[in-house]
Amino acid sequence: MYPNLYYAFKDLFGVEWTGLRFVNSFGFFVALAFISAALVLASELRRKSKLGLLHYKEAKIIVGQPATPLELILNFLLGFILGYKFGAIISNNSPTVNPTEIIFSTEGNWLIGISAGLFFAGLKWWEKNKQKLSTPEERTIRIWPHDRVGDLVIFAAVFGFLGAKLFHNLENWDELVSDPLGSLLSFSGLTFYGGLICAALAIWWYARKHGIGIWHLNDAAAPSLMLSYAVGRIGCQVAGDGDWGIINSAYLSNPEGKSLPASGAQFQSALQANNDFFVRTFGSMDKVEHLSFKGPTYLPDWMFGYAYPHNVINEGIPLTDCTGQYCAYLPIPVFPTPFYEILSCLLLFFVLWSLRKRIKIPGYIFAIYLILNGIERFLIEKIRVNTTYSIFGFHPTQAEIISFSFIVAGFVLLAYLRKRHSSSAVQKLSST
């Protein structure tokens, strides 16, 4: 496990660059997920524009104006905040520094903050001054949908994060009640479907405002959403953020955090030996879910039972010969569900990518995405640790409810789009 890039570079390259401690592995891969989604989305929107399926909008802008005092002030404030916090993080030599705690505290570096603020303000002044005209003029420009990908990604990031936190806190109400501020401000505890739903609503509003065809936008976004989810799950697996599966009783963990095959008697013995941990984690031994599945010998044991050593949430019991902040491992391995989702979603991305030019009905690719995404997540929930609800005798998880809804919505959308396409085809024939 690599809680942050410092540990990854130390293990992989043998270098100790302390500045990398503030780059959390999960956040790093989330950033890569947004970048990959933006690249794929821009490519698809550009292709659809060349086919005449999407159109530009004209906008009037004033060019040649110098930087306004407000622009300079805003850029100074942005640079100051980034420098103030970033400076505090990189100047902190503590081996157990928590970047999140520094970000949400008053701690900072005034010198680096003011220097960064002046640099940002100066950069804005230089940029505007370079384009300054003796007489500013109004020009009309064309803005294509692929030119707005940056705005779309920002909307998705902001509202996705808010939605992920909202749905996670609704799913874990006890945590929110016991520590409201910590639950709301923590970067851990994010629910994918909450982020997806809220981001989708925000992007729908943005698309309507700027006249972007919603069905073509949805189709262009479908492969990018599947790819970004797979990349984001790499962060979950690498960091060990607690988003893992139930116990695989066919394996045990050794004191170094490695997984080894075990018998049923050995599993029961390990369960009782770590009674305190499991009661603390699950509330009682009766709530400890497990499934026994031993993988084929030609594949690594960790693919079927992983102890998540050095996990970022410090879940488990102490590792042997380990000192510092991240020294815990799970006493009994669990199914590494993020790893399974990485593989399945990469495969589903290539499926959607191969279909995008073959299917001509607008919205069809997105409907297929809903079905595939729903099936993938519904199945993985069967071996994931998650909070359940009690509904008419059933005990589904939040993700099972939403994923099932996605499957139903996808099939309903397919039927609706097919019917609408058939009706429009009949109307064209009758008009000719």
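Analysis parameters
- Residues numbered from 1 in each chain as written.
- Predicted model: local features only at pLDDT ≥ 70, side-chain atom pairs only at ≥ 80, totals over all residues.
- Heavy atoms only, no water.
- Helix = DSSP H or I, 4+ residues; strand = E, 2+ residues; numbered from the N terminus.
- Buried < 20%, exposed > 50% of the residue type's maximum accessible area, 1.4 Å probe, protein only.
- Contact = heavy atoms within 4.5 Å.
- Salt bridge = Lys/Arg side-chain N within 4 Å of Asp/Glu carboxyl O.
- Lys, Arg positive; Asp, Glu negative; His and termini not counted.
- Phe/Tyr/Trp six-rings, centres within 6.5 Å; stacked < 30°, edge-to-face > 60°.
- Lys NZ or Arg CZ within 6 Å of the ring centre and 35° of its normal.
- Axes fitted to C-alpha atoms, helices over the stretch in contact; angles between N-to-C directions.
- Parallel < 35°, antiparallel > 145°, perpendicular 65-115°, else oblique.
- Left-handed = near helix turned anticlockwise from the far one by under 90°.
- Nonpolar A, V, L, I, M, F, W, Y, C, P; charged D, E, K, R; others polar.
- Core = buried A, V, L, I, M, F, W, Y, C linked by side-chain atoms within 4.5 Å.
- Expected span 1.5 Å × (residues − 1).
- Bend = angle between axes of the 7 residues up to and from the residue.
- pLDDT = per-residue confidence, 0-100.
- Arc of directions from axis to C-beta.
- Patch = residues over 30% accessible without salt bridge, like charges linked within 9 Å, V, L, I, M, F, W, Y side chains within 5 Å.
- Areas by Shrake-Rupley, 256 points an atom, 1.4 Å probe, with all protein chains shown as cover.

Draft legend 1. The arrangement of the side chain of asparagine 254 in detail. Mapping asparagine 254 onto the fold places it in the loop between strand 4 (251-253) and strand 5 (259-261). Relative accessible area serves as the criterion here: at 15%, asparagine 254 is assigned to the buried category. Leaving out residues up to four positions away in the same chain, asparagine 254 has contacts with Leu260 and Tyr329.

Draft legend 2. Inspection of the pattern of salt bridges at higher detail. One pass over the full model with this rule turns up eleven salt bridges. The closest approach of N and O atoms between glutamate 44 and arginine 356, which form a salt bridge, is 2.8 Å. With glutamate 44 in helix 2 (residues 25-50) and arginine 356 in the loop between helix 13 (337-355) and helix 14 (364-380), the pair connects residues that are 312 residues apart, well separated along the chain. A residue is classified by how much of its surface remains accessible, and arginine 356, at 15% relative accessible area, is buried. Where lysine 128 meets glutamate 71, a salt bridge forms, and the shortest distance between an N and an O atom there is 4.0 Å.

Draft legend 3. Main features of the environment of leucine 118. Considering the arrangement of structural elements, one finds leucine 118 in helix 5 (residues 110-130). Separated by 46 residues in the primary sequence, leucine 118 and leucine 72 have C-alpha atoms spaced 9.1 Å apart.

Draft legend 4. Just the side chain of lysine 85, in detail. Inspection of the secondary structure puts lysine 85 in helix 3 (residues 69-90). Within the buried set, lysine 85 has no salt-bridge partner at all; the shortest N-O distance to an opposite charge, 7.1 Å, is to glutamate 107.

Draft legend 5. Highlighting the packing of aromatic side chains. For the coordinates displayed, the defined rule picks out 24 aromatic pairs. With centroids separated by 5.4 Å and ring planes inclined at 80°, the aromatic side chains of phenylalanine 28 and phenylalanine 29 adopt a geometry described as edge-to-face. According to the relative accessible area criterion, phenylalanine 28 is partly exposed, its value standing at 32%. Taking the centre distance of 6.2 Å and the plane angle of 70° together, the rings of phenylalanine 119 and phenylalanine 120 count as edge-to-face. For phenylalanine 119, a relative accessible area of 53% puts it in the exposed group. Each residue in the set Trp244, Trp302, Tyr306, Tyr308, Phe339 and Tyr340 is aromatic and connected to the rest through ring pairs, giving one cluster. In this structure, arginine 356 is placed above the aromatic ring of tryptophan 353, and the distance from its NZ or CZ to the ring centre is 3.6 Å.

Draft legend 6. Spotlight on the packing of helix 13 against helix 14. Two elements in contact, helix 13 and helix 14, have axes whose closest approach is 11 Å; the angle formed by their N-to-C orientations is 165°. Of the possible angle classes, the one that applies to helix 13 and helix 14 is roughly antiparallel. Seen from above, helix 13 lies across helix 14 with right-handed handedness. Along its contact with helix 13, which presents Thr337, Tyr340, Glu341, Ser344, Cys345, Leu348, Val351, Leu352 and Leu355, the element helix 14 presents Ile365, Ile368, Tyr369, Leu372, Glu376, Arg377 and Ile380. Counted by class, the contact of helix 13 with helix 14 contains eleven nonpolar, two polar and three charged residues.

Draft legend 7. Examining the nonpolar core more closely. If you look at the biggest cluster of nonpolar residues, it comprises 29 residues, and the most contacted ones within it are Met226, Leu352, Tyr369, Leu370, Leu413 and Leu414. Taken together, the elements giving at least two residues each to this core come down to helix 2, helix 9 (192-209), helix 10 (214-239), helix 13, helix 14 and helix 15 (398-431). Broken down by element, the residue count for this core peaks at eight residues, all from helix 14. Excluding residues that lie within four positions of it along the chain, leucine 414 makes contacts with Tyr364, Ala367, Ile368 and Ile371.

Draft legend 8. Expanded view of helix 10. Helix length check: helix 10 (26 residues) gives 36 Å between terminal C-alpha atoms against 38 Å at 1.5 Å per residue, within 8%. Alanine 221 marks the point of greatest bend in helix 10, at about 30°, and the proline proline 223 comes within the next four residues. In terms of burial, helix 10 is a largely internal element, 21 of the 26 residues being buried. The first or second residue beyond helix 10 is glycine 240, which carries a positive phi of 70°.

Draft legend 9. Structural view of unusual backbone geometry. We note that tyrosine 308 has phi near 45°; this positive angle belongs to a residue other than glycine. The phi dihedral of aspartate 321 is positive, around 55°, even though this residue is not glycine. As for its placement among the helices and strands, aspartate 321 is situated in the loop between strand 7 (317-318) and strand 8 (328-329). The exposure class assigned to aspartate 321 is exposed, which follows from its relative accessible area of 81%.

Draft legend 10. Summary view of the confidence of the model for the chain. Mean pLDDT for the chain: 86, with 86% of residues reaching 70 or above. Mean pLDDT across the elements of the chain ranges from a minimum in helix 8 (residues 180-185), with 53, to a maximum in helix 13, with 97.

Draft legend 11. Just helix 11 (residues 264-273), in detail. Those residues of helix 11 not exposed but buried are Phe267, Ala270 and Leu271. Here the buried residues of helix 11 occupy an arc of 105° about the axis, which is enough to place them on one side. Across from the buried face of helix 11, at angles greater than 90 degrees, the exposed residues are Ala265, Gln272 and Ala273. For helix 11, the elements touching its buried residues are strand 3 (247-248), strand 4, helix 12 (275-282) and strand 6 (290-291).

Draft legend 12. Fine view of a nonpolar patch on the surface. Taken together, the side chains of Phe28, Leu32, Ile35 and Leu39 make up a nonpolar region of the molecular surface, amounting to roughly 360 Å² of accessible area. Tracing the chain through its elements places phenylalanine 28 in helix 2.

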